[in-house]
Amino acid sequence: EYTLGNTYHQIGRVYEQQRNWPESLANYLKALEWNKKTRNEYALGSNYHQIGRVYEQQNMNLEAAKWYRMAIDNFKKFNHPNVEVADASLLRVE
């Protein structure tokens, strides 16, 4: 059950690479749900960031910014190395 969040996240990445935004978003949201359910808080930042990327790719910058901010907050909480990536993403959409 714990690994389902990662599985859905990876499926979301595949759909993102194919530019299939609805399927990508659906799988990232499933990953988010599973990571919350299993209390895998460390993984939530990556979920938030990828969801933001899907919105950014669709020029939905306000929505992307919301998710990037959540990613930044999560990454800072865990001193995650991707905080700088999320900061740069947020700058692109603001």
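Residues numbered from 1 in each chain as written. Predicted model: local features only at pLDDT ≥ 70, side-chain atom pairs only at ≥ 80, totals over all residues. Heavy atoms only, no water.

S.K.: For this particular structure, what's the right way to read the environment of His80?
M.R.: Here His80 shows up in the loop between α4 (61-77) and α5 (83-93). With 76 residues separating them along the chain, His80 and Leu4 place their C-alpha atoms 21 Å apart. In this structure the side chain of His80 is engaged in a polar contact, spanning 3.5 Å, whose partner is the side chain of Tyr42. (Helix = DSSP H or I, 4+ residues; strand = E, 2+ residues; numbered from the N terminus. Polar contact = N/O pair within 3.5 Å; in protein donor to acceptor, adjacent residues only side chain to side chain.)

S.K.: Mind showing me how you'd approach the packing of aromatic side chains here?
M.R.: Aromatic rings considered in pairs are described by the distance between their centres and by the relative angle of their planes. With the rule as written, the count across this model stands at two aromatic pairs. A centroid spacing of 5.7 Å and a plane angle of 80° characterise the contact between Tyr42 and Phe78, whose relative ring orientation is edge-to-face. With a gap of 36 residues between them, Tyr42 in helix α3 (residues 41-57) and Phe78 in the loop between α4 and α5 connect regions that are remote in the sequence. Here Tyr48 and Trp67 contribute two aromatic rings whose centre-to-centre distance is 5.9 Å and whose plane-to-plane angle is 45°, an arrangement assigned as tilted. Here Tyr48, found in helix α3, pairs with Trp67, found in helix α4; they are 19 residues apart in sequence, far enough to count as distant. Per residue, the accessibility class of Tyr48 equals that of Trp67, and both read buried. (Phe/Tyr/Trp six-rings, centres within 6.5 Å; stacked < 30°, edge-to-face > 60°. Buried < 20%, exposed > 50% of the residue type's maximum accessible area, 1.4 Å probe, protein only.)

S.K.: Would you mind going over the pattern of salt bridges with me for this structure?
M.R.: A side chain of one charge can pair with a side chain of the opposite charge when the charged atoms of the two come close. Evaluated as defined, the whole model comprises five salt bridges. A salt bridge links Glu56 to Arg92; the nearest nitrogen and oxygen atoms lie 2.7 Å apart. With Glu56 in helix α3 and Arg92 in helix α5, this pair connects stretches of sequence that are 36 residues apart. The exposure class assigned to Arg92 is partly exposed, which follows from its relative accessible area of 48%. Glu94 is paired through a salt bridge with Arg69; the nearest N and O atoms lie 2.9 Å apart. You can see Glu94 sitting in the segment after α5 and its partner Arg69 sitting in helix α4, a full 25 residues away along the chain. On the accessibility criterion, Arg69 (39% relative accessible area) is partly exposed. (Salt bridge = Lys/Arg side-chain N within 4 Å of Asp/Glu carboxyl O.)

S.K.: Sorry, what's going on with the nonpolar core here?
M.R.: Across soluble globular proteins, nonpolar side chains have a tendency to be buried as a group. If you look at the biggest cluster of nonpolar residues, it comprises 20 residues, and the most contacted ones within it are Leu32, Tyr48, Ile51, Tyr55, Trp67, Leu90 and Val93. The set of elements that each furnish at least two residues to this core consists of α2 (21-37), α3, α4 and α5. No other element matches the seven residues that α4 contributes to this core. Once residues within four sequence positions are removed from consideration, Val93 is found in contact with Glu56, Asn61, Ala64, Ala65 and Tyr68. (Core = buried A, V, L, I, M, F, W, Y, C linked by side-chain atoms within 4.5 Å. Contact = heavy atoms within 4.5 Å.)

S.K.: Teacher, can you tell me more about unusual backbone geometry here?
M.R.: When glycine is set aside, most residues are seen to have a negative phi, and most peptide bonds are trans. Notably, Arg39 is not glycine yet its phi reads approximately 60°, a positive angle. Position of Arg39 among the secondary structure elements: in the loop between α2 and α3. The backbone of Asn59 shows a phi angle near 60°, a positive value even though the residue is not glycine. Along the chain, Asn59 falls in the loop between α3 and α4.

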